[in-house]
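# Descriptive structure summary
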Amino acid sequence: KQEVTQIPAALSVPEGENLVLNCSFTDSAIYNLQWFRQDPGKGLTSLLLIQSSQREQTSGRLNASLDKSSGRSTLYIAASQPGDSATYLCAVPYNQGGKLIFGQGTELSVKP
Amino acid sequence: DTEVTQTPKHLVMGMTNKKSLKCEQHMGHRAMYWYKQKAKKPPELMFVYSYEKLSINESVPSRFSPECPNSSLLNLHLHALQPEDSALYLCASSQVWGLAGGSSTDTQYFGPGTRLTVL
């Protein structure tokens, strides 16, 4: 059974700091891994999707890496800004279907 | 345009009411999803429609009734709900149900959600 874990549950950093969010999964036979951002009371915004054949994906100040063998993914945020404050969720598909297994999320707070 | 819209944004209803949530996308996606999210928890899948047909029902109580009238529209009909059904209801879509092996096809796009309160 696939389980997805995100540590820490909450993180507070000063503005301008580079930071790393962690996501781990128990079954390394994943097809892809998706990172989302969720603002309080809002929907999820897709940030990056990494296919199993890829090692990393970049979008602006965001860089997501994937290491299937160790069951880990990281989301690197460069030069953090207060506007980056949100909950970040990672998710992997269940088997070959589209049902997503989510981690519990990391609540990020970037202080001015 | 990668937008999924949901109406209403907020809904308050009594346990005897009947109401509906609406979701719309114009990206040509053929898979649409309903998720339920409680506070401080990740979303939980409720239903999946693929090509306007119900593909997945995650053992959701019958007081929730989904409907997909066409490829762009997804409804969730609510009847005789319980206070514990209060949550954020999220709609999502993707190009297809199942994994096609491309970032553009596998990515799920979410709407802003409907905040439901059952009194």
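Residues numbered from 1 in each chain as written. Chains lettered and ligands numbered in written order. Predicted model: local features only at pLDDT ≥ 70, side-chain atom pairs only at ≥ 80, totals over all residues. Heavy atoms only, no water.

Tallying secondary structure elements over chain A gives 0 helices and 11 strands in all. Secondary structure of chain A in N-to-C order comes out as β-β-β-β-β-β-β-β-β-β-β. Expressed as lengths along the three principal axes of its C-alpha atoms, the size of chain A is roughly 40 × 30 × 20 Å. Expressed as a percentage of its 112 residues, the buried residues of chain A come to 44%. Of the roughly 5300 Å² of accessible surface on chain A, a fraction of 47% belongs to carbon and sulfur atoms. Distance from the positive charge centre (9 side chains) to the negative charge centre (9 side chains) of chain A: 5 Å. (Helix = DSSP H or I, 4+ residues; strand = E, 2+ residues; numbered from the N terminus. Buried < 20%, exposed > 50% of the residue type's maximum accessible area, 1.4 Å probe, protein only. Areas by Shrake-Rupley, 256 points an atom, 1.4 Å probe, with all protein chains shown as cover. Lys, Arg positive; Asp, Glu negative; His and termini not counted. Charge placed at Lys NZ, Arg CZ, Asp CG, Glu CD.)

With that settled, consider the nonpolar core. In terms of nonpolar packing, the biggest core is built from 23 residues, with Leu33(A), Trp35(A), Leu75(A) and Ile77(A) touching the most fellow members. Breaking this core down by element, the ones donating at least two residues are strand 3 (19–25), strand 4 (32–38), strand 5 (44–51), strand 7 (62–67), strand 8 (72–77), strand 9 (86–93) and strand 11 (106–111) of chain A. Apart from the residues lying within four places of it in its own chain, the contact partners of Leu75(A) are Leu19(A), Val20(A), Leu21(A), Trp35(A), Leu47(A), Leu48(A), Leu62(A), Asn63(A), Ala64(A) and Tyr88(A). Formed by 22 residues, the second largest nonpolar core is a distinct cluster that contains Phe47(B), Val60(B), Leu78(B) and Leu81(B). (Core = buried A, V, L, I, M, F, W, Y, C linked by side-chain atoms within 4.5 Å. Contact = heavy atoms within 4.5 Å.)

Our next topic: the packing of aromatic side chains. If you walk through the whole model with that rule in mind, you get 7 aromatic pairs over all chains. Taking the centre distance of 5.4 Å and the plane angle of 85° together, the rings of Phe36(A) and Phe110(B) count as edge-to-face. Taken together, the residues Phe36(A) in strand 4 and Phe110(B) in strand 10 (residues 109–110) connect one chain to another. As far as burial versus exposure is concerned, Phe36(A) and Phe110(B) are alike and both buried. (Phe/Tyr/Trp six-rings, centres within 6.5 Å; stacked < 30°, edge-to-face > 60°.)

Turning our eyes to something else, we now look at the sheet that holds strand 3 (residues 18–25) of chain B. All names here are of chain B. Strand order in this open sheet of 4 strands is 1-3-8-7, and the pairing throughout is antiparallel. Each edge of the open sheet carries a strand with a single partner, namely strand 1 (4–7) and strand 7 (64–70). Direction aside, the axes of adjacent strands within the sheet are offset by 20° on average. Pairing analysis gives 7 bridges linking strand 3 to strand 8 (residues 73–79), with the strands arranged antiparallel. Of the residues in strand 8, the one forming a bridge with Glu24 is Leu73. (Pairing = 2+ DSSP bridges. Axes fitted to C-alpha atoms, helices over the stretch in contact; angles between N-to-C directions.)

This part takes up the side chain of Gln25(B). Residue and element names in this part refer to chain B. Mapping Gln25 onto the fold places it in strand 3. Within polar-contact distance, the side chain of Gln25 engages the backbone nitrogen of Gly28 at 3.5 Å. Not counting the four nearest positions on each side in its chain, Gln25 is found in contact with Glu3, Val4, Met32, Ser71, Ser72 and Ser93. (Polar contact = N/O pair within 3.5 Å; in protein donor to acceptor, adjacent residues only side chain to side chain.)

Quick look at the side chain of Ser73(A) now. Looking at the element boundaries, Ser73(A) is found in strand 8. Engagement of the side chain of Ser73(A) in a polar contact is seen with the side chain of Trp35(A), the distance being 3.1 Å.

This next bit is on the pairing of strand 8 of chain A. Residue and element names in this part refer to chain A. Burial along strand 8 is one-sided: Ser73, Leu75 and Ile77 are buried, and none of Arg72, Thr74 and Tyr76, which face the opposite way, are. Pairing analysis gives 6 bridges linking strand 3 to strand 8, with the strands arranged antiparallel. Bridge pairing links Asn22 to Thr74 in strand 8. Strand direction decides the pairing type here: strand 7 and strand 8, joined by 6 bridges, are antiparallel. Along strand 8, the bridge assignment pairs Leu66 with Ser73. Connecting strand 7 to the antiparallel partner strand 8 that follows it, the hairpin turn spans 4 residues, and Gly71 within it adopts a positive phi of roughly 70°.

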